[in-house]
Amino acid sequence: MSVSDETRPSTTSEYVGTSAHAFGPARHLRSRAKVLPEHARGHNRALVLQTLYHSGAMSRADLSRETGLTRVTISDLVAEFIADGIVIEMGVRETVGPGKPPILIDIDRVGHQIIGIDLSAPSAFTGALLSLDGDVIGRREVPRPETPDGDAAYAALLQLARELVADATQPILGVGIGTPGVVRPDGMVLSSPNLGWSDLPLEAKLGVDLDLPVLVRNDANAAVLAEYTFGDAEADFMLIKIGRGVGAGVITGSQPLLGSRFAAGEIGHVVVGTDGGPRCACGKDGCLEAWLSESRLRAAIEAAPDSRDDILRDAGTRMAIAIAPIVAALDLSEVVLSGQGDLLDGVLVDAAVETLHARTLEGVFEDVVIRRTQQSDIVLRGAAVMVLSSQLGVS
């Protein structure tokens, strides 16, 4: 069941153009598209902001050398950014010798805030105010509806978002949301059974209700962006998010992989093995999610505590069976796990590494690493990356 007909418009088009509070044209993370002359200015804007974001304060001359853009272009763009409140002058740099000391500029990292929301936790929707550096400033949560109810889920999300908007102490750059389910690039939630949503234009609808830019992505796809931007991930890797469900996000060639059905990374409902297995919420037996989800692992260990290592070893083995073809087909460098350390560290990872190496070409994939992320609040921080990418071209 989706949001009721009384609150949901008949078509997504009714929302088009209603949330246009961006600093500049939206841009995609690591776009493959060739830069055409008519797009050059947007490309240059993103290049300058990306450089400042990751390199920190520098002079206009330094920025020109770093980006390869002319000083005239840099001067024009920086003046525009300062007028828009994106960039600030930090003061002069101390120098030795003759000449006028250069003025340092940087992104105004405390002049705006981002709202990130994670809808994937089992009992609550979690939200946070974040800085432009992805640091959590403050957080809130609201109870998750006990049963899948599209109207109730949207009402809880809207309540949480409005509370965070009220908490903000600086202008809000945008709202990023990570939700379970299949999500189109335009923020249409095609299917999220756990929340009772189908064909819901969540990004556009919430943008209207908040009067703010809103970005909506699958929660695992949000998490993979956080690992890529704030973590130590390689340019080609998979992040598997293990919680109430199991999902994955993939970065290949420094670009997020979405797929033709926008369902890349939906590995939770791949049947692992031919020996049956636990009944999954989707109705099939032996799905990866039925073997690997946190709730299933904890229930199995509670029922047979003496078999804890065997349960975790079996889960790690089945996970590796599911991902080995993906690692080989995409030539991934590493697999990053996001979930509870008491379950994922040790036996489970060791079994997964052993099985992955046994099921891929010897001498080619032996250096593939499986590790747990060191990041906390990974979906919330990924939501911040979504906003940064869309609003500033920063990733």
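Asks: Report on the packing of aromatic side chains, specifying residues and quantitative values.
Replies: Going through the model one piece at a time under the given rule, you end up with zero aromatic pairs. Seen from the ring of tyrosine 53, arginine 109 lies directly overhead, with NZ or CZ sitting 5.3 Å from the centre. Taking NZ or CZ as reference, arginine 381 lies 4.3 Å from the ring centre of phenylalanine 230, over its face.

Asks: Got a sec to walk through the pairing of strand β12 (residues 237–242)? Specific residues and values, please.
Replies: Judged by how many residues are buried, β12 sits mostly within the fold: six of six residues are covered. Both faces of β12 are covered, namely the face carrying Phe237, Leu239 and Lys241 and the face carrying Met238, Ile240 and Ile242. Relative to strand β13 (residues 246–252), β12 is paired through six bridges, and the arrangement is antiparallel. Bridge pairing in β13 links lysine 241 to glycine 247. The hairpin turn running from β12 into β13, its antiparallel successor, is three residues long. For β12 and strand β15 (residues 334–338), the ladder comprises five bridges, and the chain directions are parallel. Paired with lysine 241 across the bridge in β15 is serine 338.

Asks: Let's hear about the nonpolar core: which residues, and what values?
Replies: In this structure, Ile240, Leu288, Leu292, Met319, Leu337 and Leu348 are the most contacted members of the largest nonpolar core, which totals 34 residues. Those elements giving two or more residues to this core turn out to be β12, β13, α7 (288–292), α8 (294–303), α9 (308–330), β15, α10 (341–344) and α11 (347–358). Once residues lying within four places of it in the same chain are set aside, the contact partners of leucine 292 are Ile242, Val246, Leu297, Ala315, Met319 and Leu348. Judged by nonpolar contacts, the second largest core, of 28 residues, contains Ala153, Leu160, Leu202 and Leu212.

Asks: Can you tell me about the pairing of β13, naming the residues and giving the values?
Replies: Most of β13 sits out of view: seven of its seven residues are buried. The alternating pattern of β13 places Val246, Ala248, Val250 and Thr252 on one face and Gly247, Gly249 and Ile251 on the opposite face, and all of these are buried. Bridging between β13 and strand β14 (residues 255–256) involves two bridges; their strand directions are antiparallel. By the bridge assignment for β14, isoleucine 251 is matched with proline 256. In textbook terms, the turn of a hairpin is the stretch between consecutive antiparallel strands, and for β13 and β14 this stretch comprises two residues, one of which, glycine 253, has a positive phi near 60°.

Asks: Describe the state of the cysteines, with residues and values.
Replies: Working definition of a disulfide: a covalent bond connecting the sulfur atoms of two cysteines. According to the stated counting rule, one finds zero disulfides in the structure shown. Free cysteine cysteine 282: the closest other cysteine sulfur is in cysteine 287, separated by 3.7 Å.

Asks: Pulling in residues and values, what's your account of α9?
Replies: Because each turn of an α-helix spans 3.6 residues, side chains separated by three or four positions end up pointing in the same direction. An ideal rise of 1.5 Å per residue puts 33 Å on 23 residues; α9 measures up with 33 Å between its terminal C-alpha atoms. Of all the bends in α9, the greatest reaches close to 40° and is centred on isoleucine 323; the proline proline 325 follows between one and four positions later. Those residues of α9 that sit buried are Ile311, Leu312, Ala315, Gly316, Arg318, Met319, Ala320, Ala322, Ile323, Ala324 and Val327. Positive backbone phi, approximately 55°, marks aspartate 331, located one or two places after α9.

Asks: For the sheet that holds β14, give the residues involved together with the corresponding values.
Replies: Strand order in this open sheet of five strands is β14-β13-β12-β15-β16, and the pairing throughout is mixed. Of all strands in the sheet, those bounded by a partner on one side alone are β14 and β16 (369–372). Direction of pairing for β15 relative to β16: parallel, over a ladder of four bridges. Each bridged residue has a counterpart across the sheet, and for glutamate 334 the counterpart in β16 is valine 369.

Asks: So what about the packing of α8 against α9? Which residues, and what values?
Replies: Across the interface, α8 lies against α9 with an axial gap of 9 Å and an inter-helix angle of 155°. Between α8 and α9, the angle is such that the two are roughly antiparallel. The handedness of the crossing between α8 and α9 is right-handed. Every residue of α9 that contacts α8 at Arg296, Leu297, Ala300 and Ile301 is listed here: Arg308, Ile311, Leu312 and Ala315.

Asks: Can you tell me about the packing of α9 against α11, naming the residues and giving the values?
Replies: One way to put it is that α9 packs onto α11 with a least axis distance of 7 Å and a crossing angle of 40°. It follows that α9 is oblique to α11 by the angle criterion. Crossing of α9 over α11 shows right-handed handedness. On α11, the residues touching Asp309, Leu312, Arg313, Ala315, Gly316, Thr317, Met319, Ala320, Ile321, Ala324 and Val327 of α9 are Val347, Leu348, Ala351, Ala352, Thr355 and Leu356. Class assignment for the residues of the contact of α9 with α11 results in 12 nonpolar, three polar and two charged.

Asks: Give me unusual backbone geometry: which residues, what numbers.
Replies: A positive phi angle, near 65°, is found at serine 254, a position not held by glycine. With respect to the helices and strands, the residue serine 254 is situated in the loop between β13 and β14. Looking at serine 254, the relative accessible area reads 17%, which means it is buried. Its identity as a non-glycine residue notwithstanding, aspartate 331 has a phi of 55°, on the positive side. Note on placement: aspartate 331 falls in the loop between α9 and β15.

Rules used in this analysis
Residues numbered from 1 in each chain as written. Predicted model: local features only at pLDDT ≥ 70, side-chain atom pairs only at ≥ 80, totals over all residues. Heavy atoms only, no water. Phe/Tyr/Trp six-rings, centres within 6.5 Å; stacked < 30°, edge-to-face > 60°. Lys NZ or Arg CZ within 6 Å of the ring centre and 35° of its normal. Buried < 20%, exposed > 50% of the residue type's maximum accessible area, 1.4 Å probe, protein only. Helix = DSSP H or I, 4+ residues; strand = E, 2+ residues; numbered from the N terminus. Pairing = 2+ DSSP bridges. Core = buried A, V, L, I, M, F, W, Y, C linked by side-chain atoms within 4.5 Å. Contact = heavy atoms within 4.5 Å. Disulfide = S-S within 2.5 Å. Expected span 1.5 Å × (residues − 1). Bend = angle between axes of the 7 residues up to and from the residue. Axes fitted to C-alpha atoms, helices over the stretch in contact; angles between N-to-C directions. Parallel < 35°, antiparallel > 145°, perpendicular 65-115°, else oblique. Left-handed = near helix turned anticlockwise from the far one by under 90°. Nonpolar A, V, L, I, M, F, W, Y, C, P; charged D, E, K, R; others polar.

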